[in-house]
Amino acid sequence: MRDVRTVAGAFRTARGFDSSPLYSRLLAVVADDEALLELAAQTRHGQQPTFALFGAVHYLLLRGESDPLAEYYPSVVGDRARPFDGHTGPAFTRFCEAYWGQIASIIGTRLVQTNHVQRALVTRVGLALLRRATSAPVCVVEVGCSAGLNLRADRYAFTVEGATFGDRGSPVHLRVEVPGAALLPDLDRLPGIAEVVGVDLDPPDLADEEDRAWLRALVWPENAHQAAQLQAALDATRADPPRVLRGNVIEVGPDVAAILPAGLPRLVVHTATRIHVPAEERPAFDAAVAAFGADGPMLHLALEDDRRIAPSGRPGVGLTATDAAGSRTIAVADGHLAWLEPLPAINELHLRP
Ligand SMILES: C[S@@+](CC[C@H](N)C(=O)[O-])C[C@H]1O[C@@H](n2cnc3c(N)ncnc32)[C@H](O)[C@@H]1O
């Protein structure tokens, strides 16, 4: 059980819910309701209670629980979903009261594991940057990879400002708005891939219906495109899943590192993962990630909760690159990667020889 005041703060100050008008409004409903806060306080330690509570309610509605609350969820009732009105908050509160035990059980056991496929662009850019710096085959590591869908970035199609890269026949096709795309490396020029490995606290099983349903529930109700992209990636990846080690990177990092051939360059990526690491564990998390560079030159890309303003003036999240020359912001992006604005620093890669 977490401190209710801290949970209230999480709902009051949450940002980044712009693509969900429903959740944007429900944040205040929860923040002002002591009972709902007590329920959300049962979220697992370190996990963001906003994502967890909304995900659990969505999971039950998608499973078919019949309730007036469903009328506000486009993911359940489609185009006839009602916009937020004076009845939505009370409907949400009543639903939580009715399903209290099930919601508490879900948020007390499940992790926030949203595997947002659009973020695979980060890995694709990292691979293309490495190809410019080295002709050697590279290793790819994703920390907090959830179902491992973004470890297949080399197999997806990407359309950036009208130009398409990657496997044009892939069922997974990402379209990203990239002003200043000329700064990006050639996304069709990738290095050979020597090893791909992910690590996750509790990797969802691609073949397990419950795990798939939970991943689906973590996609916000209005984001139909994102849900379709998730299903496509789950199906495509299920046939040939990447290797994913179970565990906390702080503990199993050395086991992951042992898989990587010594001396080869490595791309280490984490997106929307560190934000779910308890604050007191973050120094150890950072040390575990840095340790992947012990046996080979490393490019470490992180898209986490680093609020920045993009060159166009819109608020976003910094994409940080760390290499032999230190850390710098190389782009500012939407947290869901609907857009990415590269900065000139993206072209300053310094790999340790
Ligand atoms: C919100 S998901 C993001 C998944 C993926 N990176 C993406 O952007 O689509 C965060 C993932 O990080 C994992 N995670 C959190 N802390 C971790 C840790 N210390 N070690 C390994 N995995 C962790 C969680 O289990 C979860 O699957």
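Residues numbered from 1 in each chain as written. Predicted model: local features only at pLDDT ≥ 70, side-chain atom pairs only at ≥ 80, totals over all residues.

A. Highlighting the overall build of the chain. Assigned secondary structure in the chain consists of 12 helices and 11 strands. Scaling as 2.2 N^0.38, a compact globule of 353 residues should have a C-alpha radius of gyration of about 20 Å, and the chain matches this with 20 Å. Projected onto its principal axes, the C-alpha positions of the chain cover 60 × 45 × 40 Å. In the chain, which comprises 353 residues, the share counted as buried stands at 43%. If you take every contact in the chain between residues at least 6 apart in sequence, the share linking residues at least 24 apart comes to 71%. (Helix = DSSP H or I, 4+ residues; strand = E, 2+ residues; numbered from the N terminus. Rg over C-alpha atoms; globule rule 2.2 N^0.38 Å. Buried ≥ 20, exposed ≤ 12 C-beta atoms within 10 Å, placed from the backbone. Contact = placed C-beta atoms within 7 Å.)

B. Layout of the sheet that holds strand β1 (residues 138–143). Read across the sheet, eight strands follow the order β6-β5-β1-β7-β8-β9-β10-β11 without closing on themselves; strand pairing throughout is mixed. Of all the strands in the sheet, the pair left with one neighbour each is β6 (243–246) and β11 (340–342). Direction aside, neighbouring strands of the sheet carry axes that sit 25 degrees apart on average. By the bridge criterion, four bridges tie β1 to strand β7 (residues 266–271) in an arrangement that is parallel. Looking at β7, one finds that V141 is bridged to V268. Each of β1, β7, β8 (298–309), β9 (315–323) and β11 touches helix α8 (residues 120–133); the most contacted strand, β7, lies at about 160 degrees to it. (Pairing = 2+ DSSP bridges. Axes fitted to C-alpha atoms, helices over the stretch in contact; angles between N-to-C directions.)

C. Geometry of the site of the ligand. For the ligand, the set of nearby residues contains 25 residues, the closest of which are Q113, G144, S146, L201 and T271. Of all the elements in the fold, those that place two or more residues in the shell around the ligand are β5 (193–200) and α11 (249–259). Split by residue class, the shell around the ligand holds 11 nonpolar, 11 polar and three charged. (Near = placed C-beta within 6 Å. Nonpolar A, V, L, I, M, F, W, Y, C, P; charged D, E, K, R; others polar.)

D. Expanded view of unusual backbone geometry. You will see that E161, though not glycine, has its phi angle at about 50 degrees, which is positive. Within the fold, E161 resides in the loop between β2 (157–160) and β3 (163–166). On the neighbour-count criterion, E161 (13 C-beta atoms within 10 Å) is partly exposed.

E. The arrangement of the domain arrangement of the chain in detail. Once the domains are mapped, the chain shows domain 1 (4–109) and domain 2 (117–347). The straight-line distance from the C-alpha centre of domain 1 to that of domain 2 is 28 Å. On the domain 2 side, the residues contacting the 19 residues of domain 1 number 17 residues. Where the side of domain 1 that touches domain 2 is concerned, the elements lending two or more residues are α2 (21–31), α4 (49–62) and α5 (74–77). Residues that form the side of domain 1 that touches domain 2 fall into these classes: eight nonpolar, 10 polar and one charged. (Domains from an automatic or database assignment.)

F. Structural view of the environment of A284. As for its placement among the helices and strands, A284 is situated in helix α12 (residues 282–290). Overall, the presence of 15 C-beta atoms within 10 Å leaves A284 in the partly exposed class. When the C-alpha positions of A284 and G89 are compared, they lie 40 Å apart, and in sequence the two are 195 residues distant.

G. Representation of the nonpolar core within the structure. Counting residues in each nonpolar core, the largest one holds 101 residues, and the members touching the most others are L53 and A56. A total of nine residues in this core trace back to one element, the largest contributor, which is α4. Counting contributing residues, this core receives three or more from each of domain 1 (4–109) and domain 2 (117–347). (Core = buried A, V, L, I, M, F, W, Y, C linked by C-beta atoms within 7 Å.)

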